[in-house]
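Residues per chain are reported as follows:
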Amino acid sequence: MTFRHESTSGVLQHTAKGAAPAINPFEEMANRFDQAARLLKLDPGLTKVLREPIKEIKVAIPVVMDDGRIELFIGYRVHHNIARGPAKGGIRFDPHVSLDEVRALASWMTWKCAVMNIPFGGGKGGVICDPLKLSRNELERITRRYTAELMDFFGPEKDVPAPDVGTDSQTMAWIMDTYSMHMRHTVTSVVTGKPVSIGGSAGRVEATGRGVMIAAREAGKAHGVPLKDARVAIQGFGNVGSISAKMFYMEGSKIIAVSDVNGAIQNKKGLDVPALLEYMAKKKTVVGFPGSIPLDADDLLTIDCDILVPAALENQITAENAKDIKAKIVVEGANGPTTHDADEILQKKGVIVIPDILANGGGVTVSYFEWVQDRMGFFWREKEVNERLEEMMVQSFGDVRDMAAAHKVSYRIAAYMVAIQRVAHDMQVRGLYA
Ligand code: GLU
(Lines give C-alpha, C1' and ligand atoms only; values in the text may rest on other atoms or scores of the structure.)
Protein backbone atom coordinates (compact mmCIF):
# COMPACT_ATOMS: atom_id res chain seq x y z
CA MET A 1 0.00 0.00 0.00
CA THR A 2 1.16 3.52 -0.69
CA PHE A 3 -0.11 6.91 0.34
CA ARG A 4 0.57 10.36 -1.00
CA HIS A 5 3.38 12.18 0.67
CA GLU A 6 4.23 15.83 0.18
CA SER A 7 8.03 15.96 -0.03
CA THR A 8 10.05 19.01 0.92
CA SER A 9 10.37 19.90 -2.75
CA GLY A 10 6.59 20.04 -2.95
CA VAL A 11 6.54 17.09 -5.32
CA LEU A 12 4.17 14.25 -4.58
CA GLN A 13 6.03 10.99 -4.09
CA HIS A 14 5.26 7.41 -3.24
CA THR A 15 5.91 6.46 0.33
CA ALA A 16 5.75 2.96 1.75
CA LYS A 17 3.09 2.69 4.41
CA GLY A 18 4.30 4.12 7.67
CA ALA A 19 7.74 4.95 6.28
CA ALA A 20 9.20 8.41 6.53
CA PRO A 21 10.92 10.16 4.89
CA ALA A 22 9.69 9.48 1.35
CA ILE A 23 11.61 6.91 -0.68
CA ASN A 24 12.97 8.69 -3.74
CA PRO A 25 12.83 6.31 -6.74
CA PHE A 26 15.71 8.05 -8.55
CA GLU A 27 17.94 7.59 -5.51
CA GLU A 28 16.87 3.94 -5.35
CA MET A 29 18.02 3.52 -8.97
CA ALA A 30 21.24 5.48 -8.37
CA ASN A 31 22.13 3.36 -5.32
CA ARG A 32 22.15 0.17 -7.41
CA PHE A 33 23.86 1.95 -10.31
CA ASP A 34 26.68 3.10 -8.00
CA GLN A 35 27.18 -0.42 -6.61
CA ALA A 36 27.37 -1.93 -10.10
CA ALA A 37 29.62 0.85 -11.47
CA ARG A 38 32.05 0.31 -8.57
CA LEU A 39 32.21 -3.44 -9.21
CA LEU A 40 32.85 -2.79 -12.91
CA LYS A 41 35.56 -0.26 -11.97
CA LEU A 42 33.84 2.13 -14.36
CA ASP A 43 35.77 5.28 -15.24
CA PRO A 44 34.68 8.00 -12.73
CA GLY A 45 33.88 10.46 -15.53
CA LEU A 46 31.75 7.94 -17.39
CA THR A 47 30.05 7.06 -14.09
CA LYS A 48 28.93 10.70 -13.76
CA VAL A 49 27.70 10.76 -17.35
CA LEU A 50 25.76 7.49 -17.15
CA ARG A 51 24.07 8.32 -13.86
CA GLU A 52 22.49 11.57 -15.03
CA PRO A 53 19.47 11.92 -17.37
CA ILE A 54 20.48 13.86 -20.48
CA LYS A 55 17.25 15.80 -20.98
CA GLU A 56 14.23 16.66 -18.82
CA ILE A 57 11.16 18.40 -20.17
CA LYS A 58 8.21 19.74 -18.19
CA VAL A 59 5.05 20.65 -20.06
CA ALA A 60 1.92 22.49 -18.93
CA ILE A 61 -1.17 20.91 -20.48
CA PRO A 62 -4.26 23.16 -20.50
CA VAL A 63 -7.44 21.20 -21.15
CA VAL A 64 -11.11 22.17 -21.51
CA MET A 65 -12.96 19.71 -19.28
CA ASP A 66 -16.35 18.22 -20.17
CA ASP A 67 -18.12 20.76 -17.95
CA GLY A 68 -16.46 23.69 -19.78
CA ARG A 69 -13.90 24.47 -17.03
CA ILE A 70 -10.25 24.97 -18.00
CA GLU A 71 -7.94 22.64 -16.05
CA LEU A 72 -4.15 22.57 -16.09
CA PHE A 73 -2.19 19.30 -15.95
CA ILE A 74 1.57 18.97 -15.56
CA GLY A 75 3.49 16.45 -17.64
CA TYR A 76 7.10 15.36 -18.02
CA ARG A 77 9.30 13.54 -20.50
CA VAL A 78 12.82 12.53 -19.53
CA HIS A 79 15.54 11.10 -21.76
CA HIS A 80 18.10 9.30 -19.65
CA ASN A 81 20.51 8.08 -22.33
CA ILE A 82 20.40 7.72 -26.13
CA ALA A 83 23.86 6.25 -26.83
CA ARG A 84 22.44 2.96 -28.17
CA GLY A 85 19.39 4.33 -30.03
CA PRO A 86 16.22 6.41 -29.65
CA ALA A 87 14.89 7.04 -26.14
CA LYS A 88 12.32 4.32 -25.44
CA GLY A 89 9.81 4.07 -22.66
CA GLY A 90 6.23 4.42 -21.57
CA ILE A 91 4.00 7.30 -20.55
CA ARG A 92 2.35 7.07 -17.16
CA PHE A 93 -0.93 8.77 -16.20
CA ASP A 94 -1.05 8.69 -12.42
CA PRO A 95 -1.75 11.15 -9.57
CA HIS A 96 1.64 10.29 -7.98
CA VAL A 97 3.80 11.13 -11.00
CA SER A 98 6.79 13.29 -10.05
CA LEU A 99 9.92 14.37 -11.88
CA ASP A 100 12.06 12.08 -9.70
CA GLU A 101 9.81 9.14 -10.48
CA VAL A 102 10.01 9.83 -14.24
CA ARG A 103 13.81 10.21 -13.96
CA ALA A 104 14.07 6.84 -12.26
CA LEU A 105 11.76 5.18 -14.77
CA ALA A 106 13.73 6.69 -17.69
CA SER A 107 17.00 5.40 -16.23
CA TRP A 108 15.53 1.94 -15.70
CA MET A 109 14.53 1.96 -19.39
CA THR A 110 18.17 2.59 -20.42
CA TRP A 111 19.30 -0.37 -18.31
CA LYS A 112 16.36 -2.55 -19.36
CA CYS A 113 16.94 -1.99 -23.09
CA ALA A 114 20.64 -2.74 -22.60
CA VAL A 115 19.95 -5.93 -20.58
CA MET A 116 17.59 -7.07 -23.35
CA ASN A 117 20.25 -6.00 -25.86
CA ILE A 118 17.86 -3.99 -28.04
CA PRO A 119 19.00 -0.82 -29.86
CA PHE A 120 17.26 1.79 -27.72
CA GLY A 121 18.17 4.28 -25.05
CA GLY A 122 15.93 5.07 -22.09
CA GLY A 123 13.12 7.55 -21.73
CA LYS A 124 9.90 7.91 -19.80
CA GLY A 125 7.00 10.30 -19.52
CA GLY A 126 4.21 11.03 -17.12
CA VAL A 127 1.23 13.28 -16.57
CA ILE A 128 -0.03 14.05 -13.06
CA CYS A 129 -3.69 13.07 -13.36
CA ASP A 130 -6.09 10.39 -12.20
CA PRO A 131 -7.35 8.52 -15.27
CA LEU A 132 -10.09 6.88 -13.15
CA LYS A 133 -11.63 10.31 -12.56
CA LEU A 134 -11.40 11.57 -16.15
CA SER A 135 -13.76 10.94 -19.06
CA ARG A 136 -12.54 9.34 -22.28
CA ASN A 137 -12.79 12.73 -24.02
CA GLU A 138 -10.77 14.46 -21.30
CA LEU A 139 -8.09 11.76 -21.50
CA GLU A 140 -7.96 12.16 -25.27
CA ARG A 141 -7.51 15.95 -24.97
CA ILE A 142 -4.73 15.55 -22.34
CA THR A 143 -2.96 12.99 -24.54
CA ARG A 144 -3.18 15.06 -27.72
CA ARG A 145 -2.00 18.30 -26.07
CA TYR A 146 0.84 16.47 -24.27
CA THR A 147 1.91 15.01 -27.64
CA ALA A 148 1.67 18.38 -29.40
CA GLU A 149 3.85 19.99 -26.70
CA LEU A 150 6.47 17.25 -27.24
CA MET A 151 6.42 17.22 -31.07
CA ASP A 152 10.08 18.27 -31.25
CA PHE A 153 11.17 15.47 -28.92
CA PHE A 154 9.15 12.48 -30.15
CA GLY A 155 10.00 10.69 -33.39
CA PRO A 156 10.83 7.16 -34.62
CA GLU A 157 14.56 7.99 -34.55
CA LYS A 158 14.40 10.19 -31.44
CA ASP A 159 11.96 9.06 -28.77
CA VAL A 160 9.35 6.32 -29.02
CA PRO A 161 6.72 6.21 -26.24
CA ALA A 162 4.63 3.20 -25.16
CA PRO A 163 1.95 2.40 -22.57
CA ASP A 164 2.70 2.35 -18.85
CA VAL A 165 0.55 2.64 -15.69
CA GLY A 166 -2.75 4.38 -16.57
CA THR A 167 -2.28 4.36 -20.37
CA ASP A 168 -3.12 1.75 -23.01
CA SER A 169 -3.33 1.02 -26.74
CA GLN A 170 -6.03 3.71 -27.19
CA THR A 171 -3.71 6.33 -25.67
CA MET A 172 -1.02 5.22 -28.12
CA ALA A 173 -3.45 5.50 -31.05
CA TRP A 174 -4.17 9.15 -30.05
CA ILE A 175 -0.43 9.89 -29.82
CA MET A 176 0.21 8.32 -33.23
CA ASP A 177 -2.67 10.27 -34.76
CA THR A 178 -1.65 13.62 -33.23
CA TYR A 179 1.98 13.18 -34.26
CA SER A 180 0.89 12.12 -37.77
CA MET A 181 -1.44 15.12 -38.17
CA HIS A 182 1.47 17.46 -37.40
CA MET A 183 3.78 15.57 -39.79
CA ARG A 184 1.07 15.53 -42.52
CA HIS A 185 1.50 11.78 -43.04
CA THR A 186 0.95 8.64 -41.01
CA VAL A 187 3.93 7.74 -38.82
CA THR A 188 3.15 4.44 -37.12
CA SER A 189 6.65 3.88 -35.71
CA VAL A 190 6.54 6.96 -33.45
CA VAL A 191 4.90 4.94 -30.70
CA THR A 192 4.53 1.25 -29.71
CA GLY A 193 1.77 -0.65 -27.96
CA LYS A 194 -0.75 0.54 -30.58
CA PRO A 195 -3.86 -1.40 -31.59
CA VAL A 196 -2.81 -4.15 -34.03
CA SER A 197 -4.99 -2.73 -36.82
CA ILE A 198 -2.96 0.51 -36.97
CA GLY A 199 0.56 -0.89 -36.81
CA GLY A 200 0.65 -2.60 -33.42
CA SER A 201 2.39 -5.94 -33.02
CA ALA A 202 0.73 -9.27 -32.40
CA GLY A 203 1.69 -10.38 -28.89
CA ARG A 204 2.50 -6.89 -27.54
CA VAL A 205 -0.38 -6.82 -25.03
CA GLU A 206 0.78 -10.14 -23.55
CA ALA A 207 4.52 -9.47 -23.89
CA THR A 208 5.37 -8.15 -20.41
CA GLY A 209 3.39 -10.88 -18.63
CA ARG A 210 4.81 -13.55 -20.93
CA GLY A 211 8.33 -12.27 -20.20
CA VAL A 212 7.66 -12.32 -16.44
CA MET A 213 6.63 -15.97 -16.72
CA ILE A 214 9.73 -16.83 -18.81
CA ALA A 215 12.02 -15.06 -16.29
CA ALA A 216 10.34 -16.94 -13.43
CA ARG A 217 10.62 -20.23 -15.31
CA GLU A 218 14.36 -19.72 -15.94
CA ALA A 219 14.92 -18.66 -12.31
CA GLY A 220 12.89 -21.68 -11.19
CA LYS A 221 15.10 -23.99 -13.25
CA ALA A 222 18.24 -22.49 -11.73
CA HIS A 223 16.95 -22.57 -8.15
CA GLY A 224 14.75 -25.67 -7.99
CA VAL A 225 11.28 -24.10 -8.18
CA PRO A 226 9.45 -25.60 -11.18
CA LEU A 227 6.47 -23.57 -12.42
CA LYS A 228 4.25 -26.64 -12.42
CA ASP A 229 2.30 -26.55 -9.12
CA ALA A 230 4.27 -23.50 -7.90
CA ARG A 231 2.18 -21.29 -5.59
CA VAL A 232 2.17 -17.79 -7.05
CA ALA A 233 0.98 -14.50 -5.48
CA ILE A 234 0.57 -11.40 -7.66
CA GLN A 235 0.31 -7.80 -6.44
CA GLY A 236 -1.49 -5.68 -9.04
CA PHE A 237 -3.95 -6.83 -11.68
CA GLY A 238 -3.42 -4.37 -14.50
CA ASN A 239 -1.90 -5.47 -17.81
CA VAL A 240 1.26 -6.97 -16.26
CA GLY A 241 -0.36 -8.66 -13.24
CA SER A 242 -3.35 -10.11 -15.08
CA ILE A 243 -1.39 -11.44 -18.07
CA SER A 244 1.28 -12.86 -15.74
CA ALA A 245 -1.51 -14.69 -13.87
CA LYS A 246 -2.75 -16.13 -17.16
CA MET A 247 0.75 -17.21 -18.24
CA PHE A 248 1.60 -18.87 -14.89
CA TYR A 249 -1.81 -20.60 -14.91
CA MET A 250 -1.08 -21.97 -18.40
CA GLU A 251 2.20 -23.41 -17.07
CA GLY A 252 0.31 -25.30 -14.35
CA SER A 253 1.12 -22.93 -11.46
CA LYS A 254 -1.45 -22.21 -8.74
CA ILE A 255 -2.35 -18.53 -8.41
CA ILE A 256 -3.11 -18.43 -4.69
CA ALA A 257 -3.56 -14.66 -4.21
CA VAL A 258 -3.96 -11.49 -6.27
CA SER A 259 -4.68 -7.86 -5.48
CA ASP A 260 -5.63 -4.60 -7.17
CA VAL A 261 -6.18 -1.03 -5.94
CA ASN A 262 -9.45 -2.07 -4.30
CA GLY A 263 -8.16 -5.00 -2.24
CA ALA A 264 -6.84 -8.56 -2.32
CA ILE A 265 -8.30 -12.06 -2.62
CA GLN A 266 -6.97 -15.55 -2.01
CA ASN A 267 -7.68 -19.23 -2.58
CA LYS A 268 -5.06 -21.61 -1.22
CA LYS A 269 -6.09 -24.28 -3.77
CA GLY A 270 -5.55 -21.86 -6.65
CA LEU A 271 -7.86 -19.29 -8.27
CA ASP A 272 -9.75 -20.13 -11.46
CA VAL A 273 -7.78 -17.62 -13.57
CA PRO A 274 -9.87 -17.70 -16.80
CA ALA A 275 -13.01 -17.02 -14.71
CA LEU A 276 -11.15 -14.32 -12.75
CA LEU A 277 -10.12 -12.56 -15.98
CA GLU A 278 -13.77 -12.56 -17.12
CA TYR A 279 -14.87 -11.26 -13.71
CA MET A 280 -12.23 -8.51 -13.86
CA ALA A 281 -13.34 -7.47 -17.36
CA LYS A 282 -16.92 -7.03 -16.11
CA LYS A 283 -16.43 -5.70 -12.56
CA LYS A 284 -13.12 -3.81 -13.02
CA THR A 285 -11.82 -5.33 -9.78
CA VAL A 286 -10.77 -8.72 -8.42
CA VAL A 287 -12.56 -8.05 -5.11
CA GLY A 288 -15.62 -10.22 -4.52
CA PHE A 289 -14.58 -12.91 -7.01
CA PRO A 290 -16.65 -16.04 -6.28
CA GLY A 291 -14.42 -18.89 -5.12
CA SER A 292 -12.08 -16.56 -3.23
CA ILE A 293 -11.88 -15.14 0.26
CA PRO A 294 -10.78 -11.57 1.04
CA LEU A 295 -7.19 -10.94 2.10
CA ASP A 296 -5.71 -7.81 3.65
CA ALA A 297 -3.84 -6.12 0.78
CA ASP A 298 -0.75 -5.64 2.99
CA ASP A 299 -0.65 -9.40 3.67
CA LEU A 300 -0.43 -10.32 -0.01
CA LEU A 301 3.30 -9.62 -0.18
CA THR A 302 4.05 -11.74 2.89
CA ILE A 303 1.77 -14.67 2.06
CA ASP A 304 3.29 -18.17 2.13
CA CYS A 305 4.04 -18.82 -1.57
CA ASP A 306 6.82 -19.98 -3.91
CA ILE A 307 6.82 -17.08 -6.37
CA LEU A 308 5.84 -13.49 -5.60
CA VAL A 309 5.18 -11.09 -8.48
CA PRO A 310 4.94 -7.44 -7.43
CA ALA A 311 3.24 -5.94 -10.51
CA ALA A 312 1.90 -2.64 -9.16
CA LEU A 313 4.07 0.37 -8.32
CA GLU A 314 7.44 1.34 -6.83
CA ASN A 315 8.61 0.88 -3.23
CA GLN A 316 6.28 -1.93 -2.16
CA ILE A 317 8.85 -4.32 -0.65
CA THR A 318 10.68 -2.20 1.91
CA ALA A 319 12.92 -2.61 4.96
CA GLU A 320 9.68 -2.95 6.95
CA ASN A 321 8.10 -5.96 5.27
CA ALA A 322 11.10 -7.64 3.57
CA LYS A 323 11.86 -9.77 6.65
CA ASP A 324 8.36 -11.28 6.42
CA ILE A 325 8.51 -12.24 2.73
CA LYS A 326 8.10 -16.02 2.46
CA ALA A 327 8.44 -16.44 -1.32
CA LYS A 328 11.46 -18.33 -2.64
CA ILE A 329 11.61 -16.16 -5.76
CA VAL A 330 10.44 -12.56 -6.30
CA VAL A 331 9.91 -11.68 -9.97
CA GLU A 332 9.49 -7.93 -10.45
CA GLY A 333 6.68 -7.24 -12.92
CA ALA A 334 6.55 -3.58 -11.83
CA ASN A 335 9.40 -1.10 -12.12
CA GLY A 336 11.21 -0.44 -8.83
CA PRO A 337 8.95 -2.41 -6.45
CA THR A 338 11.82 -3.27 -4.06
CA THR A 339 13.91 -0.71 -2.17
CA HIS A 340 17.67 -1.18 -1.80
CA ASP A 341 17.32 -1.74 1.97
CA ALA A 342 14.85 -4.52 1.24
CA ASP A 343 17.24 -6.03 -1.32
CA GLU A 344 19.85 -6.55 1.38
CA ILE A 345 17.35 -8.19 3.74
CA LEU A 346 16.04 -10.49 1.01
CA GLN A 347 19.55 -11.46 -0.05
CA LYS A 348 20.45 -12.39 3.54
CA LYS A 349 17.29 -14.49 3.77
CA GLY A 350 18.24 -16.30 0.54
CA VAL A 351 15.23 -14.98 -1.42
CA ILE A 352 16.07 -14.83 -5.13
CA VAL A 353 15.01 -11.51 -6.72
CA ILE A 354 14.70 -11.33 -10.50
CA PRO A 355 14.95 -7.57 -11.03
CA ASP A 356 12.57 -5.37 -13.00
CA ILE A 357 15.11 -4.46 -15.70
CA LEU A 358 15.25 -8.16 -16.63
CA ALA A 359 11.92 -9.61 -15.44
CA ASN A 360 9.62 -7.08 -17.14
CA GLY A 361 11.87 -6.55 -20.20
CA GLY A 362 9.51 -8.59 -22.40
CA GLY A 363 7.27 -5.56 -22.94
CA VAL A 364 9.90 -3.29 -24.41
CA THR A 365 11.37 -6.20 -26.38
CA VAL A 366 8.10 -6.68 -28.26
CA SER A 367 7.88 -2.86 -28.54
CA TYR A 368 11.19 -3.16 -30.39
CA PHE A 369 9.63 -5.81 -32.66
CA GLU A 370 6.67 -3.46 -33.25
CA TRP A 371 9.00 -0.57 -34.20
CA VAL A 372 10.91 -2.88 -36.56
CA GLN A 373 7.70 -4.15 -38.18
CA ASP A 374 6.33 -0.60 -38.60
CA ARG A 375 9.54 0.51 -40.28
CA MET A 376 9.56 -2.56 -42.56
CA GLY A 377 5.84 -2.37 -43.24
CA PHE A 378 5.79 -6.13 -42.87
CA PHE A 379 4.06 -7.80 -39.95
CA TRP A 380 4.93 -11.03 -38.19
CA ARG A 381 2.67 -13.82 -36.98
CA GLU A 382 2.12 -14.00 -33.22
CA LYS A 383 4.00 -17.30 -33.07
CA GLU A 384 7.07 -15.62 -34.58
CA VAL A 385 6.85 -12.72 -32.10
CA ASN A 386 6.55 -15.11 -29.15
CA GLU A 387 9.43 -17.29 -30.34
CA ARG A 388 11.75 -14.30 -30.75
CA LEU A 389 10.71 -12.98 -27.33
CA GLU A 390 11.38 -16.39 -25.75
CA GLU A 391 14.84 -16.49 -27.32
CA MET A 392 15.76 -12.99 -26.13
CA MET A 393 14.43 -13.45 -22.58
CA VAL A 394 16.36 -16.71 -22.19
CA GLN A 395 19.52 -15.11 -23.60
CA SER A 396 19.27 -12.07 -21.28
CA PHE A 397 18.51 -14.24 -18.26
CA GLY A 398 21.64 -16.27 -19.07
CA ASP A 399 23.77 -13.12 -19.46
CA VAL A 400 22.64 -11.88 -16.04
CA ARG A 401 23.01 -15.29 -14.38
CA ASP A 402 26.58 -15.61 -15.71
CA MET A 403 27.46 -12.10 -14.47
CA ALA A 404 25.95 -12.89 -11.05
CA ALA A 405 27.98 -16.11 -10.81
CA ALA A 406 31.23 -14.47 -11.98
CA HIS A 407 31.02 -11.63 -9.43
CA LYS A 408 29.05 -13.43 -6.68
CA VAL A 409 26.41 -10.70 -6.67
CA SER A 410 22.62 -10.62 -6.72
CA TYR A 411 20.73 -10.84 -10.02
CA ARG A 412 19.85 -7.15 -9.56
CA ILE A 413 23.44 -5.93 -9.35
CA ALA A 414 24.42 -8.36 -12.11
CA ALA A 415 21.68 -6.98 -14.39
CA TYR A 416 22.91 -3.41 -13.80
CA MET A 417 26.46 -4.60 -14.51
CA VAL A 418 25.46 -6.23 -17.82
CA ALA A 419 23.56 -3.08 -18.81
CA ILE A 420 26.17 -0.54 -17.73
CA GLN A 421 28.91 -2.52 -19.45
CA ARG A 422 26.98 -2.47 -22.75
CA VAL A 423 26.08 1.24 -22.62
CA ALA A 424 29.57 2.27 -21.45
CA HIS A 425 31.17 0.19 -24.20
CA ASP A 426 29.04 1.83 -26.89
CA MET A 427 29.65 5.32 -25.52
CA GLN A 428 33.39 4.67 -25.58
CA VAL A 429 33.25 3.36 -29.16
CA ARG A 430 31.32 6.45 -30.25
CA GLY A 431 33.58 8.82 -28.30
CA LEU A 432 32.56 12.19 -26.93
CA TYR A 433 31.62 14.95 -29.34
CA ALA A 434 33.37 18.15 -28.36
N1 GLU B 1 6.27 0.88 -19.89
C2 GLU B 1 6.85 -0.37 -20.20
C3 GLU B 1 8.10 -0.59 -19.38
O4 GLU B 1 8.26 -0.03 -18.32
C5 GLU B 1 7.07 -0.57 -21.71
C6 GLU B 1 8.04 0.35 -22.35
C7 GLU B 1 8.09 0.22 -23.87
O8 GLU B 1 7.54 -0.71 -24.42
O9 GLU B 1 8.69 1.11 -24.48
O10 GLU B 1 8.94 -1.40 -19.71
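For the structure itself, consult the block above.
Residues numbered from 1 in each chain as written. Predicted model: local features only at pLDDT ≥ 70, side-chain atom pairs only at ≥ 80, totals over all residues. Heavy atoms only, no water.

Comments concerning the overall build of the chain
Working step 1: Looking only at helices and strands, the chain features 14 helices and 14 strands.
Working step 2: Relative to its length of 434 residues, the chain is compact, with a C-alpha radius of gyration of 20 Å against a globular reference of 22 Å.
Working step 3: For the chain, with 434 residues in total, the buried portion stands at 60%.
Working step 4: A separation of at least 24 residues holds for 67% of the contacts in the chain among residues at least 6 apart in sequence. (Helix = DSSP H or I, 4+ residues; strand = E, 2+ residues; numbered from the N terminus. Rg over C-alpha atoms; globule rule 2.2 N^0.38 Å. Buried < 20%, exposed > 50% of the residue type's maximum accessible area, 1.4 Å probe, protein only. Contact = heavy atoms within 4.5 Å.)

Observations regarding the site of the ligand
Working step 1: Residues in close proximity to the ligand total 14 residues, the closest being Lys-88, Lys-112, Pro-163, Asp-164 and Ser-367.
Working step 2: At 3.0 Å, a side-chain N or O of Asn-335 approaches an oxygen atom of the ligand.
Working step 3: In the environment of the ligand, an oxygen atom lies 2.5 Å from a nitrogen or oxygen atom belonging to the side chain of Ser-367.
Working step 4: Coverage of the ligand by the protein amounts to 94% of the 300 Å² it exposes when considered alone.
Working step 5: Those elements that place two or more of their residues in the shell around the ligand are strand 5 (87-94), helix 3 (99-115), strand 7 (159-163) and helix 12 (362-376).
Working step 6: For the shell around the ligand, the residue count by class is four nonpolar, five polar and five charged. (Near = heavy atom within 4 Å. Polar contact = N/O pair within 3.5 Å; in protein donor to acceptor, adjacent residues only side chain to side chain. Areas by Shrake-Rupley, 256 points an atom, 1.4 Å probe, with all protein chains shown as cover. Nonpolar A, V, L, I, M, F, W, Y, C, P; charged D, E, K, R; others polar.)

A short note on the side chain of Ser-244
Working step 1: Relative to the assigned elements, Ser-244 resides in helix 7 (residues 239-250).
Working step 2: A relative accessible area of 0% places Ser-244 in the buried class.
Working step 3: Within polar-contact distance, the side chain of Ser-244 engages the backbone oxygen of Val-240 at 2.6 Å.
Working step 4: Not counting residues within four places of it along the chain, the set of residues in contact with Ser-244 comprises Gly-209, Val-212 and Ile-234.

What about the sheet that holds strand 10 (residues 263-266)?
Working step 1: Across the sheet, which stays open at both edges, the seven strands sit in the order 11-10-9-8-12-13-14 with mixed pairing between neighbours. Among the strands making up the open sheet, the edge pair consists of strand 11 (293-295) and strand 14 (352-354). Across this sheet, the average inter-strand angle for adjacent strands is 20°, counted without regard to direction.
Working step 2: As paired strands, strand 10 and strand 11 are joined by three bridges and run antiparallel to one another. The residue bridging Ala-264 from the neighbouring strand is Leu-295, located in strand 11. (Pairing = 2+ DSSP bridges. Axes fitted to C-alpha atoms, helices over the stretch in contact; angles between N-to-C directions.)

Some words on the pairing of strand 6 (residues 121-128)
Working step 1: Among the eight residues that make up strand 6, seven are buried, leaving the element largely enclosed by the rest of the structure.
Working step 2: Relative to strand 6, strand 4 (residues 70-81) is paired through six bridges, and the arrangement is antiparallel. Each residue of the ladder has a partner; that of Val-78, found in strand 6, is Lys-124.
Working step 3: Relative to strand 6, strand 5 runs parallel, the two being bridged by six bridges. Across the sheet, residue Phe-93 finds its bridge partner in strand 6, namely Val-127.
Working step 4: With helix 3 bridging strand 5 and its parallel neighbour strand 6, the resulting β-α-β unit is right-handed. (Right-handed = clockwise from strand over helix to strand, strands pointing away.)

Things to note about the pattern of salt bridges
Working step 1: Taken as a whole, this structure holds 36 salt bridges when the rule is applied.
Working step 2: Of the charged contacts, one joins Asp-164 and Arg-92 as a salt bridge, the two residues approaching to 2.7 Å between their closest N and O atoms. Here the residue Asp-164 occupies a position in the loop between strand 7 and helix 5 (169-183), and Arg-92 occupies one in strand 5, the gap between them amounting to 72 residues. Both residues of the pair, Asp-164 and Arg-92, belong to the buried class.
Working step 3: The closest approach of N and O atoms between Arg-388 and Glu-384, which form a salt bridge, is 3.3 Å. Of this pair, Arg-388 and Glu-384 both sit in helix 13 (residues 382-407), four residues apart, which is roughly one turn of the helix.
Working step 4: Note on Arg-388: relative accessible area 36%, which makes it partly exposed. (Salt bridge = Lys/Arg side-chain N within 4 Å of Asp/Glu carboxyl O.)

Things to note about the sheet that holds strand 6
Working step 1: With mixed pairing, the five strands of this open sheet are ordered in space as 3-4-6-5-7. Both edges of this open sheet fall to strand 3 (55-64) and strand 7, since each of them pairs with a single strand only. Sheet twist, expressed as the mean angle between neighbouring strand axes with direction ignored, is 25°.
Working step 2: Where strand 5 meets strand 7, five bridges bridge the pair, whose relative direction is parallel. Its bridge partner lying in strand 7, Gly-90 is registered against Ala-162.

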